[in-house]
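Understanding the architecture of this molecule
For reference, the chains in residue letters:
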Amino acid sequence: NRMASLTPSIRYMGSLTQLDVSNCLSLKRLCPEAGSMSSLTDIVLAGTELESPPPQIVQLGSKSISAYLSFLLEARVSKAVHFNEIDLLSVDLAILDIQGLTLLDLSSNRIRELPEEVSQLD
């Protein structure tokens, strides 16, 4: 499968309970809108190479993935990212999509270096 991304309109699939994107090697990001789907309880990502959410979140399972995506979606409105104490090893570059970001809290993680792209934040 060569699907590169999920469309944000996925949020309108209100009765979707399972999202299976197994073996979609081209898929690099799940859209934050998937985090607003309250019926979505099972996210299957086997055989993917996602960058967002990061592997540390994916390993925690569907509930954590949904919560993480929901945080990203909320950050678009609040202009604040609170990714503290979630054991991240790297910065999710999905934060670059948040226009006018005013707060980026990455404290108490295992991030050793900020990627150069972070300097592009407004």
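Residues numbered from 1 in each chain as written. Predicted model: local features only at pLDDT ≥ 70, side-chain atom pairs only at ≥ 80, totals over all residues. Heavy atoms only, no water.

Some points on the side chain of serine 70
Applicable threshold: Only DSSP runs of H or I reaching four residues or more are called helices, and only runs of E reaching two or more are called strands; each is numbered from the N terminus. Working definition: with a 1.4 Å probe on protein chains only, accessible area under 20% of the residue-type maximum means buried, over 50% means exposed, and in between means partly exposed. The contact criterion used is simple: two residues touch if any of their non-hydrogen atoms lie within 4.5 Å.
Within the secondary structure, serine 70 is located in helix 2 (residues 62–78). Judged by its relative accessible area of 19%, serine 70 is buried. The residues touching serine 70, leaving out its near neighbours within four places in the chain, are Pro32 and Gly35.

Overview of unusual backbone geometry
For the peptide bond that leads from serine 52 to proline 53, omega is 0 degrees, which places it in the cis range. Here proline 53 is to be found in the loop between strand 2 (42–44) and helix 1 (55–58). The residue asparagine 23 is not glycine, and still its phi comes out positive at about 60 degrees. Among the secondary structure elements, asparagine 23 is positioned in the loop between strand 1 (18–20) and strand 2. Asparagine 23 sits in the exposed class, given a relative accessible area of 52%. Backbone geometry places serine 108, a non-glycine residue, at a positive phi of 55 degrees. Position of serine 108 relative to the elements: it lies in the segment after strand 4 (103–105).

Considerations on the packing of aromatic side chains
Aromatic ring pairs are defined here through the distance separating the ring centres and the angle between the ring planes. Defined as follows: Note on aromatic contacts: the rings of Phe and Tyr and the six-membered ring of Trp form a pair at centre separations within 6.5 Å, being stacked when their planes are under 30 degrees apart, edge-to-face when over 60 apart, and tilted otherwise.
Counted by the stated rule, this structure contains 1 aromatic pair. Centroid distance tyrosine 68 to phenylalanine 83: 4.6 Å. Interplanar angle 20 degrees. Geometry classified as stacked. With a gap of 15 residues between them, tyrosine 68 in helix 2 and phenylalanine 83 in the loop between strand 3 (80–82) and strand 4 connect regions that are remote in the sequence. When sorted by exposure, tyrosine 68 lands in the same class as phenylalanine 83, which is buried.

A few points about the nonpolar core
Counted only if it meets this: In these notes, a set of buried Ala, Val, Leu, Ile, Met, Phe, Trp, Tyr and Cys residues joined through side-chain atoms within 4.5 Å is what counts as a nonpolar core.
Of all hydrophobic cores here, the largest spans 31 residues; its most connected members are Ile10, Leu30 and Phe83. Examining the composition of this core, we find that 5 residues originate from one element, helix 2, more than from any other. Setting aside chain neighbours within four positions, we find phenylalanine 83 in contact with Tyr68, Phe71, Leu72, Leu88, Ile95, Asp105, Leu106, Ser107 and Asn109.

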